[in-house]
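Summary of the model geometry
The lines below spell out each chain.
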Amino acid sequence: EAGVVQSPRYKIIEKKQPVAFWCNPISGHNTLYWYRQNLGQGPELLIRYENEEAVDDSQLPKDRFSAERLKGVDSTLKIQPAELGDSAVYLCASSRTWGNGETQYFGPGTRLLVL
Amino acid sequence: AQSVTQLGSHVSVSEGALVLLRCNYSSSVPPYLFWYVQYPNQGLQLLLKYTTGATLVKGINGFEAEFKKSETSFHLTKPSAHMSDAAEYFCAVSEGNTGNQFYFGTGTSLTVIP
């Protein structure tokens, strides 16, 4: 079974530029998560999707971040414009459902550096 | 509200020695507890999890953890460290009444000395 796929793996951009990250979850997983992991920290949730519906985006900085999950499968996270403080690893994860104790499976992440 | 504390941001052990990584949580209801490992430039991989039942949980690569409700702890152990265990380890908690919202600790970096 293929794992969570993310691209690109690395991205270097200048501040104020836009950037987008793509995620393909494990087949059959209805729930998709985007996390941000700052250096030396644990992941923090940005947004959660149930199929194509964003059901928890309370931690997403909506002035510059946006996300979509068309057809309830792949997802894209966008930052426009990027700021220096956005430098981090962006992790995508998926789980079968939102059920209690469900394991979340993580992709390798996209490491973003904003100059 | 849930929180996770991992005591010791860096732990060093000799190869063959016991590995003990500490995790304490706060939760108002019975929690679900997870340990993940992250190798350099990779995503998080599940080591083990506790949901219900037996409080001693065995995971991959010889790791195990014990849920101690009275101590609100879920410490990770391995009897004999191997060089390949060098990585970052994260403890996470979710509460049954909030679904699968994960809260992660800040991680413990494990170094194995040959």
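Further up the page is the structure itself.
Conventions and cut-offs
Residues numbered from 1 in each chain as written. Chains lettered and ligands numbered in written order. Predicted model: local features only at pLDDT ≥ 70, side-chain atom pairs only at ≥ 80, totals over all residues. Heavy atoms only, no water. Helix = DSSP H or I, 4+ residues; strand = E, 2+ residues; numbered from the N terminus. Rg over C-alpha atoms; globule rule 2.2 N^0.38 Å. Buried < 20%, exposed > 50% of the residue type's maximum accessible area, 1.4 Å probe, protein only. Areas by Shrake-Rupley, 256 points an atom, 1.4 Å probe, with all protein chains shown as cover. Lys, Arg positive; Asp, Glu negative; His and termini not counted. Charge placed at Lys NZ, Arg CZ, Asp CG, Glu CD. Pairing = 2+ DSSP bridges. Axes fitted to C-alpha atoms, helices over the stretch in contact; angles between N-to-C directions. Salt bridge = Lys/Arg side-chain N within 4 Å of Asp/Glu carboxyl O.

From N to C terminus, chain A includes zero helices and 11 strands. Ordering the α and β elements of chain A from the N terminus gives β-β-β-β-β-β-β-β-β-β-β. Taking 115 residues into account, the globule formula puts the C-alpha radius of gyration at 13 Å, and chain A, at 13 Å, falls close to it. Each principal axis of the C-alpha distribution contributes one length, and for chain A these read about 40 × 25 × 25 Å. When burial is assessed residue by residue, chain A has 47% of its 115 residues classed as buried. When the accessible surface of chain A is split by element, carbon and sulfur atoms take 49% of a total near 5,700 Å². With 13 positive and 14 negative side-chain charges, chain A shows a separation of 6 Å between the mean positions of the two kinds.

Attention now moves to the pairing of strand β10 (residues 87-95) of chain B. Residues and elements named next belong to chain B. Within β10, eight of the nine residues are buried, which leaves it mostly tucked inside the rest of the structure. Of the strand pairs in this sheet, strand β5 (residues 31-38) and β10 are connected by eight bridges, and their pairing is antiparallel. Its bridge partner lying in β10, W35 is registered against C91. Bridge count for β10 against strand β12 (residues 108-113) is three bridges, and the pairing is antiparallel. Within β12, the position partnered with E88 by the bridge is S109. Sheet topology places β10 next to strand β11 (residues 103-104); two bridges connect them, and they run antiparallel. Note that in β11 the partner of A92 across the bridge is F104.

All names here are of chain A. In spatial order, the strands read β1-β3-β8-β7; together these four strands make up an open sheet with antiparallel pairing. Of all strands in the sheet, those bounded by a partner on one side alone are β1 (5-7) and β7 (65-68). Going across the sheet, the axis of each strand differs from the next one's by a mean of 15°, ignoring polarity. For β7 and strand β8 (residues 75-79), the ladder comprises four bridges, and the chain directions are antiparallel. Looking across to β8, one finds that A67 is bridged to L77.

Our next topic: the pattern of salt bridges. All names here are of chain A. All chains considered together, the criterion is met by eight salt bridges over all chains. In this structure, R64 engages E83 in a salt bridge whose closest nitrogen and oxygen atoms are separated by 3.3 Å. Of the two residues, R64 is situated in the loop between β6 (53-56) and β7 and E83 in the loop between β8 and β9 (88-95); the sequence distance between them amounts to 19 residues. When its relative accessible area of 41% is taken as the criterion, E83 is described as partly exposed. The structure contains a network of salt bridges with shared partners spanning R36, R64, E83 and D86.

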